[in-house]
Amino acid sequence: MSPIHHTYDALVVGAGGAGLRAAIELAGKASVAVLTKVYPTRSHTGAAQGGIAATLANVEEDHWEWHVFDTVKGSDYLGDQDAIEVLCTEANETVYELERMGLPFTRTPEGRIDQRRFGGHMRNYGEGPVRRACYAADRTGHVILHTLHQRCVKLGVQFFNEFQVLDLLFHDGACCGAVAYELASGELHVFRARAVILATGGFGRMYRVTANAHTLTGDGDAIALRRGIPLQDMEFYQFHPTGIHRKGILLSEASRGEGAILRNNDGERFMERYAPTMKDLAPRDMVSRSIYQEIRAGRGIGGQDCVHLDFRHLGRDVIRKKLPDVNDFIQTYLAIDPAVDLVPIQPTAHYAMGGVPTTVDGQVRGDGKDAIVPGLYAAGECACVSVHGANRLGTNSLLEIVVFGRRAGRRALTDLQRAEWLPLPERPDGPAREQLERLLDSSGHELVAAIRQELQEAMTTWGGVLRTGEELQKCLDTVVGLKERYQKVRLEDRGKTYNTDLLEAVELGHLLDLAEATVFAALARTESRGAHYREDYPQRDDANWLKHSLVRQVDGRLELDYKPVVITRFQPQERKY
Ligand SMILES: Cc1cc2nc3c(=O)[nH]c(=O)nc-3n(C[C@H](O)[C@H](O)[C@H](O)COP(=O)(O)OP(=O)(O)OC[C@H]3O[C@@H](n4cnc5c(N)ncnc54)[C@H](O)[C@@H]3O)c2cc1C
């Protein structure tokens, strides 16, 4: 079997906000193809609800320096401050750019882009909440994705839809292309390129209760890890406080931004005790932890693992106008009415702070530190720049994907002026083909769905919001055991067309590798910081742990390394809200 060959100057892997924004920079100036495993507008960016941060100061005073401070503090001082300055100083420009592309933002009565409150975004270095999130009702990601997609179509970007990338190609340590599987035909395609931009999104499907789409299996991160590139800060995984109980479907933080409040079984507004200034709008790590502490103290609703989100005082009009999707989700999935009923919620797996380490221009750091991998870039949730450190603030991810998607595209374009065509490895599709054949020919007896379920259960129980060394060890042992069983999975479908069974098996392999890396790094970090909360080490420990982790696969085993955090303006302080 020989693969089908293609050649482009630049390949973008992923058609979410980050990939599309990168492609726009390259379109018309270089030949560019976007490969995506789902139709572009089905990317998870389209599910983002609440907003995109920018200090436009349209409704009240605001400054980018305040935004930098909030992001640094929100990150529990693990974010690199040089990168955070880039994020915040380029925010207004990128948001206005989206507006000029035709993005239909919600407006103030004077016709400016309206702004709302969001967790951890504050005025004057921590005095109280500020209106910083630009939004389009609670469909902000949806309109960003459609606006960027339409722009790509207009610019003639070539899309390969339902093409799933399985491997990256290298020559002497430089990236020279990718191998993809075409879902419709089962054919392998080899794409030769001088620049490859990874924008494959997150990996929240390793958890049982998750707000992430089925496609979020961390393919880009897992492929990079297997190809010897370290992943940074994997132990930091964000749980969003308000997922629908048991289902995990997200009720945007915009709900609390518009004034909804959390209550325990006694009807108490418990966040007043944990965060006296910001209350329900404290950052997510804190709110999720507080919810679990209430549940542990026996104040969950009816003894269950949930608390209530109370919208009733907002009135039906505000709910319908400002939170139409949240309103719909509650009515559809719970068959109750937020204007009159209390809504049961629990924290839900949401966002990967960790990922492929990059510079502020999206260049991949081959050793996690100074070595750049020529020809390879990453942007969006799969990358770790790092602007979110140990905990991301709401609305900073939509901002990150446009700011750093644009930067990665620009940098790739600059590098293309000098980049040569490198030879492809002999049999470029070899490793990918062998991986598929192993799965298709396996005579084992293990089922993908069963292993996935056990993985999600273990990660949710032992690798979630509250962690201990003992539980993390159990989790790691479980994941390692599941990896062994994975070697013996059997597929129901061995056909060539639309074999989603096969791709789900590939994706499960990615989730297993990333779960192992997450727990491995979490076990080593004997402190609590941001989303990584160790009940056996409840304090932040700057003397020993103010550093990024880098986890690498060497001969199939994981190894850890560390590097310092970049601190420019703000020295670590105690984190109060
Ligand atoms: C429910 C929800 C609500 C959110 N709300 C907000 C919000 O209000 N504000 C905010 O700032 N952030 C929010 N976030 C976070 C934010 O939306 C995401 O982090 C961000 O959109 C990720 O964008 P991305 O471009 O990196 O990846 P995605 O949009 O996830 O796109 C990934 C792309 O990669 C492609 N892909 C993946 N693997 C492969 C492969 N192997 N081969 C080919 N293609 C592949 C997919 O097809 C897809 O096109 C929310 C997230 C969720 C889940």
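Preceding this paragraph is the structure being described.
Structural notes, computed from the coordinates. All figures in this text were calculated on a predicted structure; none of them were measured in a lab.

1. Details of the overall build of the protein
- In terms of helices and strands, the protein carries 17 helices and 22 strands.
- Over its C-alpha atoms the protein spans a radius of gyration of 23 Å, differing by no more than 12% from the 25 Å that the globule rule assigns to 577 residues.
- Along the first, second and third principal axes, the C-alpha atoms of the protein reach 65 × 50 × 50 Å.
- Pairs at least 24 residues apart make up 74% of the contacts formed inside the protein by residues separated by at least 6 positions.

2. Observations regarding the side chain of D280
- Mapped onto the elements of the fold, D280 is located in the loop between α8 (271-274) and α9 (284-299).
- Accessibility expressed as a relative area gives 2% for D280, which makes it buried.
- A polar side-chain atom of D280 sits 2.7 Å from a polar atom in the side chain of R269.

3. Details of the sheet that holds strand β22 (residues 557-564)
- Taking strand neighbours across the sheet as the criterion, the three strands line up as β10-β21-β22 in an open arrangement whose pairing is antiparallel. Looking along the sheet, the strands with just one partner apiece sit at the ends: β10 (231-232) and β22.
- Both strand β21 (residues 547-554) and β22 contribute to a ladder of eight bridges, which runs antiparallel. Along β22, the bridge assignment pairs Q553 with L558.
- Helix-sheet contacts for helix α16 (residues 500-524) involve β10, β21 and β22, and the interaxial angle to β22 is about 55°.

4. Overview of the sheet that holds strand β14 (residues 343-352)
- The strand order across the open sheet formed by four strands is β11-β14-β13-β12, and the pairing between neighbours is antiparallel. Only two strands of the sheet have a single neighbouring strand rather than two, namely β11 (237-244) and β12 (261-263). Recorded for the sheet is a direction-independent mean angle of 45° between the axes of neighbouring strands.
- The sheet contact formed by β12 and strand β13 (residues 307-310) spans three bridges and is antiparallel. Across the sheet, R263 pairs through a bridge with H308, a residue of β13.
- Those strands touched by α9 are β11, β12, β13 and β14, and its axis lies near 60° from that of β11.

5. Describing the pattern of salt bridges
- Taken as a whole, this structure holds 54 salt bridges when the rule is applied.
- For R411, the salt bridge is made with D415, and the minimal N-O distance between the two is 3.1 Å. Of this pair, R411 and D415 both sit in helix α12 (residues 396-416), separated by four residues, roughly a single helical turn.
- The class of D415 is buried, set by a relative accessible area of 13%.

6. Re the site of the ligand
- Around the ligand lies a shell of 39 residues, among which S43, H44, T45, E381 and L398 are the nearest.
- Note that an oxygen atom of the ligand is positioned 3.5 Å from one of the backbone N or O atoms of G16.
- Take T45: an N or O atom from its side chain is 2.5 Å from an oxygen atom of the ligand.
- Relative to its free-state accessible area of 1,000 Å², the ligand is covered by the protein chains to the extent of 98%.
- Elements with a minimum of two residues in the shell around the ligand: α1 (17-26), β2 (32-36), β7 (163-171), β14 and α12.
- Looking at the shell around the ligand element by element, the count peaks at four residues for α12.
- Here the residues of the shell around the ligand sort into 16 nonpolar, 19 polar and four charged.

Conventions used here
Residues numbered from 1 in each chain as written. Predicted model: local features only at pLDDT ≥ 70, side-chain atom pairs only at ≥ 80, totals over all residues. Heavy atoms only, no water. Helix = DSSP H or I, 4+ residues; strand = E, 2+ residues; numbered from the N terminus. Rg over C-alpha atoms; globule rule 2.2 N^0.38 Å. Contact = heavy atoms within 4.5 Å. Buried < 20%, exposed > 50% of the residue type's maximum accessible area, 1.4 Å probe, protein only. Polar contact = N/O pair within 3.5 Å; in protein donor to acceptor, adjacent residues only side chain to side chain. Pairing = 2+ DSSP bridges. Axes fitted to C-alpha atoms, helices over the stretch in contact; angles between N-to-C directions. Salt bridge = Lys/Arg side-chain N within 4 Å of Asp/Glu carboxyl O. Near = heavy atom within 4 Å. Areas by Shrake-Rupley, 256 points an atom, 1.4 Å probe, with all protein chains shown as cover. Nonpolar A, V, L, I, M, F, W, Y, C, P; charged D, E, K, R; others polar.

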